[in-house]
Amino acid sequence: MDWQGWGLFGLLATTVLTIIMIAAQMAGLTRLDLPLVLGTLVTPDPDRARVAGFFIHLGVGQVFALGYAAVFALLGRATWWTGALLGLLHVAVALTVILPLLPGLHPRMASTRAGLATTAVLEPPGLLGLNYGIQTPAVAIVAHVAYGAVLGLLLRAL
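Residues numbered from 1 in each chain as written. Predicted model: local features only at pLDDT ≥ 70, side-chain atom pairs only at ≥ 80, totals over all residues. Heavy atoms only, no water.

1. Notes on the packing of helix α3 (residues 46-75) against helix α4 (residues 80-101)
- Following both chains from N to C, one finds α3 and α4 inclined at 130 degrees, their axes separated by 11 Å at the closest point. One element, α3, and the other, α4, form an angle in the oblique class. You can see that α3 and α4 cross each other, and the crossing is right-handed. Contacts from Phe-64, Tyr-68, Val-71, Phe-72 and Leu-75 in α3 reach Thr-82, Gly-83, Leu-86, Gly-87 and His-90 in α4.
- Per-class residue counts for the contact of α3 with α4 are 6 nonpolar, 4 polar and no charged. (Axes fitted to C-alpha atoms, helices over the stretch in contact; angles between N-to-C directions. Helix = DSSP H or I, 4+ residues; strand = E, 2+ residues; numbered from the N terminus. Parallel < 35°, antiparallel > 145°, perpendicular 65-115°, else oblique. Left-handed = near helix turned anticlockwise from the far one by under 90°. Contact = heavy atoms within 4.5 Å. Nonpolar A, V, L, I, M, F, W, Y, C, P; charged D, E, K, R; others polar.)

Written out as C-alpha cells, the structure reads:
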C-alpha cells in the first residue's frame, strides 16, 4: 500500500465529503453541522468548536481512509465503484449506529430521554439523523458515496 497516497487521498476525500455536507447545509437541505457536533465534544464555545471540529473531522476522515485502503489492499484492487459501495456501508453504520448513540457520550447533546433539567445545547440527531432534517440521510449518503468513490479512484491510480 502507498502510505503517502493514503494520506493525501484521505485528505482529498474528506475535503470532498466536507464540501458536500457544508454546501447541503448552506442550501438548507440539512442542519447537520459535523464540525460543530465534533468540536463541542471538546469545547462549549461554538466558534472554537467549529475550528476544533474541522480538525477532528479531518483526523477521523484519515482513520476511515486507512480502513478503506486496507479493504482495497485485501481485495487486491481499488475502483471507484468499490469505494462507493464501501461508502454506502460506512454511511449505513454512521446513520443507524453512530449518530443514534452520540447523545450517550456527547457532553453537550440532549437525548430523547433527558428531562427538563438538561443543559445540553445540541439537539440529538436521532435515527438516520432525521432530527436534523428530512433530507439529512440523502445528503449523508451522497457525501459518503463520493468519499468512497474518490478514494477508490485515486488509490486505483497507484
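Now that the structure has been shown, the text picks up again.
2. Considering the layout of surface pockets
- Considered as a void within the structure, the largest pocket measures approximately 480 Å³ in volume.
- Taken together, 22 residues form the lining of the largest pocket, with Leu-34, Val-60, Ala-94, Ile-98 and His-144 sitting closest to its centre.
- For the lining of the largest pocket, the secondary structure elements donating two or more residues are α1 (3-26), α2 (34-39), α3, α4 and α5 (136-156).
- Broken down by element, the lining of the largest pocket gets its largest block of residues, 6 residues, from α4.
- Its residues assigned to classes, the lining of the largest pocket comprises 17 nonpolar, 5 polar and no charged. (1 Å grid on protein atoms, 1.4 Å probe; cavity = no way out; pocket = protein on both sides within 12 Å on 5 of 7 lines; lining within 4 Å. Points joined across faces, edges and corners; volume = space filled by probe spheres on them.)

3. Considerations on the confidence of the model for the chain
- In this model, the chain carries an average pLDDT of 89, and 92% of its residues clear a pLDDT of 70 or more.
- The lowest-confidence element of the chain is α2, averaging 89 in pLDDT; the highest-confidence one is α5, averaging 95. (pLDDT = per-residue confidence, 0-100.)

4. Some words on empty space enclosed by the protein
- Overall, the coordinates contain 1 cavity of 30 Å³ or more when judged by the stated rule.
- Surrounding the largest cavity, Thr-18, Met-21, Ile-22, Gln-25, Leu-32, Asp-33, Leu-34, Pro-35 and His-57 form its lining.
- Within the residue set of the lining of the largest cavity, elements represented by two or more residues are α1 and α2.
- Sort the elements by how many residues they give to the lining of the largest cavity and α1 lands first, with 4 residues.
- Here the lining of the largest cavity is built from residues that sort into 5 nonpolar, 3 polar and 1 charged.

5. Comments concerning the packing of α4 against α5
- Contact geometry of α4 with α5 gives a least axis separation of 7 Å together with a crossing angle of 145 degrees. The two elements α4 and α5 cross, and the hand of that crossing is right-handed. Residues Trp-80, Gly-83, Ala-84, Gly-87, Leu-88, His-90, Val-91 and Leu-95 of α4 lie in contact with α5, whose contacting residues are Pro-137, Ala-140, Ile-141, His-144, Val-145, Tyr-147, Gly-148, Ala-149, Gly-152 and Leu-153.
- Here the contact of α4 with α5 is composed, by residue class, of 12 nonpolar, 6 polar and no charged.

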